[in-house]
Amino acid sequence: DLVYFAPYDQNNVGVLDMRTERFRTIDITVSGNYKYSGTVIKGDLVYFAPCTMNNVGVLDTRTERFRAIRIPFSKGLVMLYKGAVIKGDLVYFAPYDQNNVGVLDMRTERFRTIDITVSGNYKYSGTVIKGDLV
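Just so it is clear, the model here is predicted, and its values are computed rather than measured. (Residues numbered from 1 in each chain as written. Predicted model: local features only at pLDDT ≥ 70, side-chain atom pairs only at ≥ 80, totals over all residues. Heavy atoms only, no water.)

Let's talk about the overall build of the chain
Okay, so step 1: Within the chain, the secondary structure is distributed over 0 helices and 11 strands.
Okay, so step 2: Mapped in sequence order, the helices and strands of the chain form the string β-β-β-β-β-β-β-β-β-β-β.
Okay, so step 3: Scaling as 2.2 N^0.38, a compact globule of 134 residues should have a C-alpha radius of gyration of about 14 Å, and the chain matches this with 15 Å.
Okay, so step 4: In terms of its C-alpha atoms, the chain occupies a principal-axis envelope of roughly 45 × 35 × 25 Å.
Okay, so step 5: Of all intrachain contacts in the chain linking residues separated by at least 6 positions in sequence, the fraction that spans at least 24 positions is 36%. (Helix = DSSP H or I, 4+ residues; strand = E, 2+ residues; numbered from the N terminus. Rg over C-alpha atoms; globule rule 2.2 N^0.38 Å. Contact = heavy atoms within 4.5 Å.)

Points about the sheet that holds strand S10 (residues 100-105)
Okay, so step 1: Here 4 strands make up an open sheet; going across it, the order is S8-S9-S10-S11 and the pairing antiparallel. Each edge of the sheet is formed by a strand with only one pairing partner; in this case those strands are strand S8 (81-87) and strand S11 (110-115). On average, each strand axis in the sheet is inclined to that of its neighbour by 25 degrees, with strand direction left out of account.
Okay, so step 2: Of the pairings in the sheet, the one linking strand S9 (residues 90-95) to S10 comprises 4 bridges and is antiparallel in character. Paired with Phe93 across the strands is Gly102, a residue of S10. (Pairing = 2+ DSSP bridges. Axes fitted to C-alpha atoms, helices over the stretch in contact; angles between N-to-C directions.)

Here's the deal with the nonpolar core
One broad rule of soluble globular proteins: the nonpolar side chains tend to lie buried together.
Okay, so step 1: Ranked by size, the top nonpolar core spans 16 residues in total, and within it Tyr47, Val56, Val91, Phe93, Leu104 and Phe111 carry the most contacts.
Okay, so step 2: Elements with a contribution of two residues or more to this core: strand S5 (45-50), strand S6 (55-60), S8 and S9.
Okay, so step 3: Contacts of Phe93, omitting those with residues within four sequence positions, involve Phe48, Ala49, Pro50, Val56, Tyr81, Gly83, Ala84, Val101, Gly102, Val103, Leu104 and Phe111.
Okay, so step 4: Counting residues in hydrophobic clusters, the runner-up holds 12 residues, among them Val15, Ile26, Tyr36 and Leu59. (Core = buried A, V, L, I, M, F, W, Y, C linked by side-chain atoms within 4.5 Å. Buried < 20%, exposed > 50% of the residue type's maximum accessible area, 1.4 Å probe, protein only.)

Overview of the sheet that holds S5
Okay, so step 1: If you walk across this open sheet you meet the 4 strands as S4-S5-S6-S7, and the pairing is antiparallel. What marks the edges here is a single partner per strand, and that holds for strand S4 (36-42) and strand S7 (65-70). The average angle at which neighbouring strand axes cross in this sheet is 25 degrees, direction not considered.
Okay, so step 2: Strand direction decides the pairing type here: S6 and S7, joined by 6 bridges, are antiparallel. Pairing of Leu59 across the sheet is with Phe66, part of S7.

What about the side chain of Asp105?
Okay, so step 1: Inspection of the secondary structure assignment puts Asp105 in strand S10.
Okay, so step 2: Using a relative accessible area of 14% as the deciding quantity, one classes Asp105 as buried.
Okay, so step 3: Only 2.9 Å separates the side chain of Asp105 from the backbone nitrogen of Arg107, close enough to count as a polar contact.
Okay, so step 4: For Asp105, the residues in contact, after removing those within four places along its chain, are Asp89, Leu90 and Arg110. (Polar contact = N/O pair within 3.5 Å; in protein donor to acceptor, adjacent residues only side chain to side chain.)

Quick word on the pattern of salt bridges
Okay, so step 1: Using the criterion set out here, one finds 8 salt bridges in the structure.
Okay, so step 2: With a shortest N-O distance of 3.9 Å, Asp1 and Arg19 are connected by a salt bridge. Of this pair, Asp1 sits in the segment before strand S1 (2-5) while Arg19 is found in the loop between strand S2 (12-17) and strand S3 (22-27), placing the two residues 18 residues apart along the sequence.
Okay, so step 3: The partner of Arg107 in a salt bridge is Asp89, and the shortest N-O contact between them spans 2.8 Å. Of the two residues, Arg107 is situated in the loop between S10 and S11 and Asp89 in the loop between S8 and S9; the sequence distance between them amounts to 18 residues.
Okay, so step 4: A single network of salt bridges, built from pairs that share partners, joins Lys42, Asp89, Asp105 and Arg107. (Salt bridge = Lys/Arg side-chain N within 4 Å of Asp/Glu carboxyl O.)

Structure (structure tokens):
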């Protein structure tokens, strides 16, 4: 069993083997500060919530290859989302400096947003699902 850690200020994904308690890294060749903030997994794919990146990071745990799904935001110091949750084929990203919830359809890799009526900075930093809505 493995634990995957989102690259925030690291240029790699951290991996902890829970059985052996050994830690290693997977290079992602992405630089910058505050890259991703939160992870979710479905099957063999780990999805990383974009913090200052203009993409959702995706790590294939079988091949250990990293790729990015572009989203319609400029890369910069604005912190987009912090935290994510999966329901069905959708990933929901918790709004941090955004006035919206980010939604990624994992099948189509289409990204969209749901506007919210909350203003200000540093809104939320995590998420959880309650219920059986599909």
